[in-house]
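Report on the structure
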Amino acid sequence: MEKHNTHGHDAHESHGGSMKSYVIGFLFSIVLTIIPLVVVLNDLLNKTATTVLILVMAVLQFAVQLIFFMHIKDEKKPRFNLMALIFGLVILLTIVAGSIWIMTYNTVAS
Amino acid sequence: MLDKIKEFASEFFVTGDPLILGAQVSIGLSLVAIIFVLTFFKKWRWLWTEWLTSVDHKKIGIMYIIASILMLFRGGVDALLMRVQLAAPELEFLHAEHYNQIFTTHGVIMILFMAMPLMFGLFNIVVPLQIGARDVAFPFLNSLSFWMFFFGAMLFNVSFIIGGSPDAGWLAYPPLSELSGSPGLGQDFYIWGIQISGIGSLATGINFVVTILKMRAPGMKLMQMPMFVWSVLSSCVTIMFAFPILTVTLFLLFLDRYLGAHFFTLDGGGNPMMYINLIWMWGHPEVYIVILPAFGIFSEIVSTFSKKKLFGYKSMVFALMSISFFSFFTWAHHFFTMGSGANVNAFFALTTMLIAIPTGVKVFNWLFTMYRGRIKFTTPMMWTVAFIPCFVVGGMTGVLLSVAPADFQFHNSYFLIAHFHQVLIGGVVFGYFAGLYYWWPKMFGFRLHEGLGKWAFWFWNIGFYVCFMPQYALGLMGMTRRVNTYDFDMGWQPLNVISTVGAFLMGAAFIFQVWQIAHSIKFYKKEKDGDAWDGRTLEWSIPSPAPLYNFARLPQVTSQDDWWEEKQRIAAGEPAKPLAPLEPIHMPKNSGIPFIMSVCWFTAGFGFVWDWLWMAIPGLIGVAVCMLARSFSYDTDYYIPVDEIERTEAALRGTK
């Protein structure tokens with residue numbers, strides 16, 4: 001393979017996005033931004049529901065960014081980017097949940 | 001005017017301690033000597049073009065190793081000073097404040113500025129050669145990583161003569177490390193030194209993950225990689241996810257100190273325990289980051305000097321990768337006594353015990369590799385054989401510490417000190433020494449004197465046990481870490497004296513090593529071919545030291561231990577693999593930007609430490625300018641023509 005002869009920073013891979021998918025992604029991300037904005041500005045929901053809505057929209061936004069702009073779906077096997085992402089999410093979850101768990105007991109104790 | 005300068009100098013320089021004054025004078029004299037030598041022999045241009053701007057992974061590796069040996073010297077002197085202070089009760093060799101500074105710098109330097117760069121040095125030299133690549137994936141970034149590490153380490157080290165050393169322990173727990181507990185500049189030097197070198201470490205981690213995944217020689221499958229490469233991969237994956245936690249945690253501490261935030265303060269809603277929780281999320285993976293490559297080194301050495309294929313290759317890979325994963329789930333065992341409750345402690349005690357299992361698997365793999373092998377006791381092999389019992393004992397005491405209820409007894413006692421020195425010296429230091437001896441001929445083209453190496457080996461080993469075995473007992477007798485002195489009636493003196501003797505034996509061992517290197521350079525004997533130890537992996541298939549482009553032709557890999565199989569085939573009279581025609585080789589150009597950018601970071605960090613914005617802001621602007629300059633430079637690579645490769649190869653291999 002020719003790619004092995006070159007250095008990593010020269011090996012530009014083509015990004016498999018088309019105009020159509022970028023536009024769809026853009027619309028999705030705009031809509032996902034507007035929904036919580038409208039809800040918050042007009043006080044449409046109570047506090048808990050608003051928080052949940054914002055969180056759900058944020059997660060969807062994350063997925064949209066990954067699929068339409070980061071091209072996580074188009075990666076060739078072996079899918080190292082996807083693996084790194086999942087591992088990163090696991091670590092993130094560990095940090096947040098673990099800290100909450102450990103520190104909860106700590107505040108009880110003090 | 002003169003008074004003002006005097007006043008400034010008395011704040012700027014650390015004054016009042018004869019030991020430090022001596023160090024200041026000797027540092028000044030060595031600087032003058034170095035500048036004189038470089039100028040007298042007109043070597044400035046050589047230094048700049050051949051070393052400071054080099055993006056060659058082999059040269060960067062050598063610079064890492066030189067820096068780490070200097071740091072080993074400083075950290076070692078710190079250790080000896082502490083041992084002298086503890087040799088007798090109520091000594092007044094070091095006063096309490098100075099003692100605090102010394103144990104803090106000893107810890108930081110040994111882990112972050114000795115173990116890490118020694119590890120990165122070996123990564124740099126060995127990994128591209130073992131996977132049949134011509135450089136790392138991002139050579140420019142590699143050079144930047146080195147200089148960030150170097151200037152970060154210098155910023156940390158300079159605190160000992162300018163401004164004052166940090167003295168809040170190697171992990172700088174708040175509230176002691178907050179402005180309320182450490183109003184001096186030492187803690188700021190700590191934060192900026194570690195932050196700057198931490199960026200370099202993170203970049204190296206990413207660089208080697210990409211190198212290993214993307215730049216292997218044609219045909220080399222993941223499961224055919226040398227075990228050292230696997231260990232580097234597992235270590236670098238851990239770096240990628242652990243170092244950001246360190247950066248963020250120290251940044252929050254910086255905000256507390258610099259902008260008066262309240263993340264970890266006692267008042268204003270802060271919680272110091274959160275810092276301890278966060279820092280160990282990095283700190284625990286960090287110890288696996290440094291030990292995993294040592295496991296890889298031992299695997300290579302055991303297999304080479306037993307003349308056998310590594311036993312249990314797949315289980316070894318599985319063990320390495322599972323350790324790097326599970327290392328993220330054990331952090332709370334560093335603060336069982338914090339009061340997080342029984343459930344938390346039980347969970348983290350269990351995960352800690354679990355992680356001992358893959359480590360145990362590896363020990364058996366090494367033993368079975370040696371079983372019925374034709375073992376040759378060269379110095380690298382001796383370090384490996386010494387490592388196994390030492391690490392097993394260290395690991396076992398670790399399992400003792402993992403029992404949460406018992407840990408309330410051991411916590412922060414000398415038992416803990418003995419445990420982690422046993423795994424870090426017996427594992428990491430022995431491992432990197434083994435690797436250094438093993439790959440030395442590949443790095444420099446000559447061997448180290450074996451006899452002196454054996455003296456160093458025995459002094460290190462005997463010194464180690466004499467130094468640290470008594471500390472287990474001292475811990476159980478109630479001696480806590482970080483005490484600078486103790487009373488006559490504690491009964492700790494005899495064991496402490498023995499321990500100090502052991503420390504000096506290790507100091508003597510270091511002198512033997514320096515002597516060994518000097519002796520081997522003086523009686524320089526060039527290696528005839530590149531295969532110093534009848535090796536098994538690709539790095540031994542090329543001349544020593546490797547040419548700039550490493551491989552004239554990229555190797556076509558068909559099996560694990562490919563070079564060994566190739567030699568077997570040739571010995572059996574089978575035809576060697578056909579040689580492909582030479583092609584021009586694509587190489588990266590040297591660049592001065594990494595060095596300049598790291599100087600700018602140093603300037604910015606130094607400015608922030610002293611709260612001199614007139615210095616910090618230009619430093620940061622310099623960093624930005626360097627980034628822009630790099631983004632707009634397109635002339636970054638070139639080709640080595642075929643006739644030049646032919647000439648180099650003929651000269652190196654002594655053929656026409």
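Residues numbered from 1 in each chain as written. Chains lettered and ligands numbered in written order. Predicted model: local features only at pLDDT ≥ 70, side-chain atom pairs only at ≥ 80, totals over all residues. Heavy atoms only, no water.

**Observations regarding the overall build of chain B**
Each helix and strand in chain B was counted, giving 20 helices and 2 strands. Whereas a compact globule of 656 residues would reach a radius of gyration of roughly 26 Å, chain B reaches 25 Å, a difference of no more than 12%. With respect to the principal axes defined by its C-alpha atoms, chain B has extents near 75 × 60 × 45 Å. Put simply, chain B has 656 residues, and 59% of those count as buried. Taking as baseline every contact in chain B between residues at least 6 positions apart, the subset at least 24 positions apart corresponds to 82%. Carbon and sulfur atoms provide 72% of the accessible area of chain B, an area that totals close to 26700 Å². (Helix = DSSP H or I, 4+ residues; strand = E, 2+ residues; numbered from the N terminus. Rg over C-alpha atoms; globule rule 2.2 N^0.38 Å. Buried < 20%, exposed > 50% of the residue type's maximum accessible area, 1.4 Å probe, protein only. Contact = heavy atoms within 4.5 Å. Areas by Shrake-Rupley, 256 points an atom, 1.4 Å probe, with all protein chains shown as cover.)

**Some words on the UniProt feature "domain: Cytochrome oxidase subunit I profile" (unreviewed entry) in chain B**
Look at the UniProt record and you will see "domain: Cytochrome oxidase subunit I profile" (unreviewed entry) annotated at residues 42-558 of chain B. For residues 42-558 of chain B, helix accounts for 68% and strand for 0%, while the C-alpha atoms at its two ends are 48 Å apart. (UniProt positions renumbered as here; feature names shortened; annotations may be inferred.)

**A few points about the pairing of strand S1 (residues 585-588) of chain B**
All names here are of chain B. Where burial is concerned, the two faces of S1 agree: the one with Ile585 and Met587 and the one with His586 and Pro588 are both buried. Across 4 bridges, the pairing between S1 and strand S2 (residues 637-640) is antiparallel. Its bridge partner being in S2, Pro588 is matched across the sheet by Asp637. (Pairing = 2+ DSSP bridges.)

**Structural notes on the UniProt feature "transmembrane region" (unreviewed entry) in chain A**
All names here are of chain A. Mapped onto this numbering, the UniProt entry annotates "transmembrane region" (unreviewed entry) at residues 21-42, 48-70 and 82-103. For residues 21-42, the end-to-end C-alpha separation is 32 Å, with 95% helix and 0% strand making up the annotated structure. Between the C-alpha atoms that bound residues 48-70 there is a distance of 31 Å. The span itself is 96% helix and 0% strand.

**Brief notes about the domain arrangement of chain A**
Residues and elements named next belong to chain A. In terms of domains, chain A is made up of domain 1 (1-74) and domain 2 (75-110). The partner domain 2 presents 7 residues to the 6 residues of domain 1 that form the contact. Summing both partners gives a buried area of about 470 Å² for domain 1 against domain 2, and 62% of it is carried by carbon and sulfur. Three residues, Phe62, Ile72 and Asp74, lead the burial of domain 1 against domain 2; their summed loss comes to 74% of the area buried on that side. Joining domain 1 to domain 2, the criterion identifies 0 salt bridges. For the interface between domain 1 and domain 2, the tally reads 2 residue pairs in polar contact (both at pLDDT 80 or more). Residues of the side of domain 1 that touches domain 2, tallied by class, amount to 3 nonpolar, 1 polar and 2 charged. (Domains from an automatic or database assignment. Buried area = accessible area lost by both parts, 1.4 Å probe. Salt bridge = Lys/Arg side-chain N within 4 Å of Asp/Glu carboxyl O. Polar contact = N/O pair within 3.5 Å; in protein donor to acceptor, adjacent residues only side chain to side chain. Nonpolar A, V, L, I, M, F, W, Y, C, P; charged D, E, K, R; others polar.)

**Points about the packing of helix H12 (residues 379-402) of chain B against helix H14 (residues 414-444) of chain B**
Residues and elements named next belong to chain B. Taken N-terminus to C-terminus, the directions of H12 and H14 make an angle of 155 degrees; their axes are 8 Å apart at the nearest point. Between H12 and H14, the angle is such that the two are roughly antiparallel. For the pair H12 and H14, the sense of crossing is left-handed. (Axes fitted to C-alpha atoms, helices over the stretch in contact; angles between N-to-C directions. Parallel < 35°, antiparallel > 145°, perpendicular 65-115°, else oblique. Left-handed = near helix turned anticlockwise from the far one by under 90°.)

**Quick word on the confidence of the model for chain A**
In the predicted model, chain A carries a mean pLDDT of 81, and 80% of its residues have values of at least 70. Within chain A, helix H3 (residues 80-109) of chain A has the poorest average pLDDT of any element, 85, and helix H1 (residues 19-41) of chain A the best, 92. (pLDDT = per-residue confidence, 0-100.)

**Considerations on the packing of helix H10 (residues 313-326) of chain B against helix H11 (residues 342-370) of chain B**
In a packed pair of helices, the relevant descriptors are the angle between the two axes and the axis-to-axis distance. Residues and elements named next belong to chain B. Where H10 meets H11, the axes come as close as 9 Å, and the angle between the chain directions of the two elements is 155 degrees. When the interaxial angle is binned, H10 and H11 end up roughly antiparallel. Like other packed secondary-structure pairs, H10 and H11 cross with a definite hand, here left-handed. For the pair H10 and H11, contact is made by Ser315, Met316, Ala319, Leu320, Ser322, Ile323 and Phe326 and by Ile355, Pro358, Thr359, Val361, Lys362, Asn365 and Trp366, respectively. Partitioning the contact of H10 with H11 into residue classes produces 9 nonpolar, 4 polar and 1 charged.

**Quick look at H1 of chain A**
All names here are of chain A. Spanning 23 residues, H1 covers 33 Å between terminal C-alpha atoms, matching the ideal 33 Å at 1.5 Å per step. Those residues of H1 lying buried are Ser21, Gly25, Ser29, Leu32, Pro36 and Val39. Check the buried side of H1 and you find it contacts helix H2 (47-69). A positive backbone phi angle near 50 degrees is found at Asp43, which sits one or two residues after H1. (Expected span 1.5 Å × (residues − 1).)

**Topic: the packing of aromatic side chains**
Two aromatic rings are characterised by how far apart their centres lie and by the angle between their planes. Residue and element names in this part refer to chain B. Summed over the entire model, instances satisfying the criterion amount to 92 aromatic pairs over all chains. Measuring from ring centre to ring centre gives 5.2 Å for Trp610 and Trp612, while their planes differ by 20 degrees; the resulting arrangement is stacked. We note that Trp610, like Trp612, is buried. Over the aromatic face of Trp46 sits the side chain of Lys43, whose NZ or CZ is 5.2 Å from the ring centroid. Above the ring of Trp564, the side-chain terminus of Arg536 is found at 4.6 Å from the ring centroid. (Phe/Tyr/Trp six-rings, centres within 6.5 Å; stacked < 30°, edge-to-face > 60°. Lys NZ or Arg CZ within 6 Å of the ring centre and 35° of its normal.)

**Overview of the interface of chain B and chain A**
At the junction of the two partners, chain B supplies 40 residues and chain A supplies 25 residues. Where chain B abuts chain A, roughly 2800 Å² becomes buried across the two surfaces, and 71% of that area is made up of carbon and sulfur atoms. For the pair chain B and chain A, the number of links is 0 salt bridges. Residue composition of the side of chain B that touches chain A, grouped by class: 26 nonpolar, 8 polar and 6 charged.

**Comments concerning helix H19 (residues 613-631) of chain B**
Residue and element names in this part refer to chain B. An ideal rise of 1.5 Å per residue puts 27 Å on 19 residues; H19 measures up with 27 Å between its terminal C-alpha atoms. Taken together, the buried positions of H19 are Met615, Ala616, Gly619, Gly622, Val623 and Cys626. Buried residues of H19, seen end-on, are gathered within an arc of 120 degrees and therefore sit on one face of the element. Exposed residues pointing more than 90 degrees away from the buried face of H19 are listed as Trp614 and Leu628. Elements in contact with the buried residues of H19: helix H18 (593-610). (Arc of directions from axis to C-beta.)

**A short note on a nonpolar patch on the surface**
A surface patch of nonpolar side chains, amounting to about 990 Å² of accessible area, comprises Met19, Val23, Phe26, Leu27, Ile30, Val31, Ile34, Ile35, Val38, Leu44 and Leu45 of chain A. Relative to the helices and strands, Leu27 of chain A resides in helix H1. (Patch = residues over 30% accessible without salt bridge, like charges linked within 9 Å, V, L, I, M, F, W, Y side chains within 5 Å.)

**Here's the deal with the pattern of salt bridges**
Residue and element names in this part refer to chain B. Throughout the structure, instances matching the rule amount to 15 salt bridges over all chains. Notably, a salt bridge pairs Glu527 with Arg447, separated by 2.9 Å at the nearest N-O pair. One end of the pair, Glu527, is in the loop between helix H16 (493-522) and helix H17 (562-571); the other, Arg447, is in the loop between H14 and helix H15 (450-476), and 80 residues separate them in sequence. By relative accessible area, which is 39% here, Arg447 ends up partly exposed. Salt bridges linked by common partners bring Lys307, Asp531, Asp534 and Lys567 together as one network.

**Some remarks on the state of the cysteines**
What makes a disulfide is a covalent bond joining the sulfur atoms belonging to two cysteines. Residue and element names in this part refer to chain B. Throughout the structure, instances matching the rule amount to 0 disulfides over all chains. Here Cys600 is not cross-linked by a disulfide; its sulfur's nearest cysteine counterpart is in Cys626, at 4.6 Å. Take Cys600: its relative accessible area is 14%, and that puts it in the buried class. (Disulfide = S-S within 2.5 Å.)

**Structural notes on unusual backbone geometry**
Residues and elements named next belong to chain B. That bond from Pro174 to Pro175 is cis: its omega, 5 degrees, falls within 30 degrees of zero. Locating Pro175 in the fold gives a position in the loop between helix H6 (139-158) and helix H7 (186-214). Here the amide bond leading from Ser544 into Pro545 is cis, since omega sits at -15 degrees, within 30 degrees of zero. Secondary-structure assignment places Pro545 in the loop between H16 and H17. Within the chain, Glu90 stands out as a residue other than glycine whose phi angle is a positive 55 degrees. Along the chain, Glu90 turns up in the loop between helix H4 (57-86) and helix H5 (96-130). A relative accessible area of 41% places Glu90 in the partly exposed class.

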